[in-house]
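# Structural features, examined
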Amino acid sequence: RTLKIKFLMKKIYPFFEKIVCDKYGNYFFQKMYIISPKILRLKTLNYIKNYFVTVSKDEIGVYAIQKIIEEAQTYEEKKLIMEFIKEKEMEMALDKEGTHIIQKIIQIFLENERQSLTDVFLIQNNLEKLLQNSDGINVIKRIISFTNEKSNKMKLLEELSANIFELLKSSNGSCIIYYIIEYWGIDIGINIVNI
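The structure reproduced in this document is the subject of the present report. On a predicted model such as this, the values are computed, not experimentally measured, just so you know.

Tallying each qualifying case throughout the model produces six aromatic pairs. Pairing Y13 with Y47 gives two aromatic rings, centres 4.8 Å apart and planes at 20 degrees, and the pair type is stacked. Of the two residues, Y13 sits in the loop between α1 (2–12) and α2 (16–20) while Y47 sits in helix α4 (residues 38–48), which places them 34 residues apart along the sequence. By relative accessible area, Y13 is classed as buried at 12%. Since its relative accessible area comes to 32%, Y47 is described here as partly exposed. Pairing F16 with Y51 gives two aromatic rings, centres 6.1 Å apart and planes at 50 degrees, and the pair type is tilted.

Between helix α9 (residues 98–108) and helix α12 (residues 134–145), whose axes approach to 9 Å, the crossing angle comes to 5 degrees. Classed by the angle they form, the pair α9 and α12 counts as roughly parallel. Between α9, through T99, I102, Q103, I106 and Q107, and α12, the contact on the second element is made entirely by D135, N138, V139, R142 and I143. For the contact of α9 with α12, the residue count by class is four nonpolar, four polar and two charged.

Counting 56 residues, the largest nonpolar core has M9, F29, I81, I102, I105 and F121 as the members making the most contacts within it. Residues contacting I105, with those up to four places away along its chain left out, are I69, I81, M82, I85, R114 and L117.

Attention now goes to the pattern of salt bridges. With the rule as written, the count across this model stands at seven salt bridges. Among the ionic pairs, K67 bridges to E70, the shortest N-O distance being 3.1 Å. Here E70 and K67 lie together in helix α6 (residues 61–71), a separation of three residues that amounts to about one turn. Look at E70 and you get partly exposed, because its relative accessible area is 33%. Residues joined by salt bridges that share partners form a network here, namely K57, K88 and E91.

Conventions we followed
- Along each chain, residue indices are assigned from 1 in the same order as the chain's sequence is written.
- pLDDT decides what is reported in this predicted model: residues at 70 or higher carry local features, side-chain atom pairs at 80 or more are listed and counted, and totals for whole chains, interfaces and linings draw on all residues regardless.
- Excluded from the side-chain calculation are hydrogens and water; included are all heavy atoms of the structure.
- Each aromatic pair joins two rings of Phe, Tyr and Trp (for Trp, the six-membered one) with centres within 6.5 Å, and gets the label stacked for planes under 30 degrees apart, edge-to-face for over 60, and tilted for any other angle.
- Only DSSP runs of H or I with at least four residues qualify as helices, and only runs of E with at least two residues qualify as strands; both kinds are numbered from the N terminus onward.
- Relative accessible area decides the class of each residue, using a 1.4 Å probe on protein chains only: under 20% of the type maximum gives buried, over 50% gives exposed, and in between gives partly exposed.
- Note on geometry: axes are C-alpha line fits, over the in-contact stretch for helices, and angles between N-to-C directions span 0 to 180 degrees.
- An angle counts as roughly parallel when it lies under 35 degrees, as roughly antiparallel when it exceeds 145, as roughly perpendicular when it falls between 65 and 115, and as oblique in every other case.
- By definition in these notes, contact holds between two residues if any of their heavy atoms fall within 4.5 Å.
- Note on residue categories: nonpolar means Ala, Val, Leu, Ile, Met, Phe, Trp, Tyr, Cys or Pro, charged means Asp, Glu, Lys or Arg, and polar means any other residue, Gly included.
- Among buried residues, the Ala, Val, Leu, Ile, Met, Phe, Trp, Tyr and Cys ones that are joined through side-chain atoms within 4.5 Å form a nonpolar core.
- Whenever a carboxyl oxygen of Asp or Glu lies within 4 Å of a side-chain nitrogen of Lys or Arg, that contact is scored as a salt bridge.

Structure representation (structure tokens):
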């Protein structure tokens, strides 16, 4: 069975972008990827690195990339995925399809496995851009929902508190403050104003 899967996946590689951006081909690829052994998944990841971001931003291709993230079990797989999106984090976060990939990584990967992603989004200028965009808001919500590290929480609170009054005047900003209180508690919410 493994040999048959390997044979079929090799046939897919040269047409990867066309296949995963097709509604039927996408489904086929997902099924093949799920049953692929870890070694073949790594080979597939190495092959598709140049297509990863492009396919992530396609309305059909995004589903295959989400499946790849869901199936990432090893350190090597997760490391490769993080390398693929390096320096493309904001571009993807603000894209109507790419945002789903960023959100999926935040949801699936452990906090330390995606720390570089969190670091990019917690830069003041980037955080402001995310707050001004409906897809960006959802990325911030994911960060809040899946952040447990105190240092990351404090960094987010510090960046938000720098413009707290402006935030409270905007629907997006007040939504995020409410979200923080809902997930991290009322004491954290009070601290935002006091920082």
